[in-house]
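Listed below, chain by chain, are the residues.
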Amino acid sequence: MRFGKDARDAVLDRDCRAHEHDNLYVVDTSFFPSIGAVNPALTAMANALRVGDYLAAAPGRHCGRRPRTSITREQRVSDGEASVDGE
């Protein structure tokens, strides 16, 4: 997974929100680029608190009211990123 503004280049936006799903936020360590020799627990907790503060700042704004920036399945198929049968 990566961060980014464009759904073609990234899975998550800067607030850990999935481009493809309006109400999905990823706040575990699965989006970290790599896990080094240190325990990432504090970093994961800090990020979860950051995203939680973002969500709590304006209740209701995160319920599908953002303009869709994600690409459609048909666009992915036409770009060769997915086959027609979903594989």
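Residues numbered from 1 in each chain as written. Predicted model: local features only at pLDDT ≥ 70, side-chain atom pairs only at ≥ 80, totals over all residues. Heavy atoms only, no water.

S.K.: An account of unusual backbone geometry is needed here, citing residue identities and associated values.
M.R.: Residues other than glycine seldom take positive phi values, yet Cys16 does so here, at roughly 70 degrees. Along the chain, Cys16 falls in the segment before helix H1 (41–57). (Helix = DSSP H or I, 4+ residues; strand = E, 2+ residues; numbered from the N terminus.)

S.K.: Explain the side chain of Asp15 to me, using residue names and the numbers behind them.
M.R.: In this structure, Asp15 sits in the segment before H1. Residue Asp15 is classed as buried on the basis of its relative accessible area of 10%. When near neighbours in sequence (up to four residues on either side) are disregarded, Asp15 contacts Tyr25, Arg50, Val51 and Tyr54. (Buried < 20%, exposed > 50% of the residue type's maximum accessible area, 1.4 Å probe, protein only. Contact = heavy atoms within 4.5 Å.)

S.K.: Tell me about the pattern of salt bridges, and name the residues and values.
M.R.: Evaluated as defined, the whole model comprises one salt bridge. The closest approach of N and O atoms between Arg50 and Asp15, which form a salt bridge, is 3.7 Å. Highlighted residues: Arg50 in helix H1 and Asp15 in the segment before H1, separated in sequence by 35 residues. (Salt bridge = Lys/Arg side-chain N within 4 Å of Asp/Glu carboxyl O.)

S.K.: Pulling in residues and values, what's your account of the environment of Arg17?
M.R.: Among the secondary structure elements, Arg17 is positioned in the segment before H1. On the basis of relative accessible area, Arg17 is assigned to the buried category, the value being 3%. Expressed as a C-alpha distance, the spacing of Arg17 and Val27, which sit ten residues apart in the sequence, is 9.1 Å.

S.K.: Outline the environment of Thr29, listing residues and values.
M.R.: Structurally, the position occupied by Thr29 is in the segment before H1. Under the relative-accessibility criterion, Thr29 is labelled partly exposed at 33%. Counting along the chain gives 18 residues from Thr29 to Asn47, while the straight-line C-alpha distance between them is 9.4 Å.

S.K.: Explain the side chain of Asn47 to me, using residue names and the numbers behind them.
M.R.: Looking at the element boundaries, Asn47 is found in helix H1. A distance of 3.0 Å separates a polar atom in the side chain of Asn47 from a polar atom in the side chain of Arg50. Setting aside its immediate chain neighbours within four residues, Asn47 contacts Cys16, Val26, Val27 and Phe31. (Polar contact = N/O pair within 3.5 Å; in protein donor to acceptor, adjacent residues only side chain to side chain.)

S.K.: Just give me the short version of H1, but keep the residues and values in it.
M.R.: Helix length check: H1, at 17 residues, gives a terminal C-alpha distance of 24 Å against a target of 24 Å (1.5 Å per residue), a fit within 8%. When we look at burial in H1, the residues that qualify are Ala44, Asn47 and Val51. The arc that holds the buried residues of H1, viewed along the axis, is 65 degrees, so those residues lie on one side. Relative to its buried face, H1 has exposed residues pointing more than 90 degrees away, namely Leu42, Leu49, Asp53, Ala56 and Ala57. (Expected span 1.5 Å × (residues − 1). Arc of directions from axis to C-beta.)

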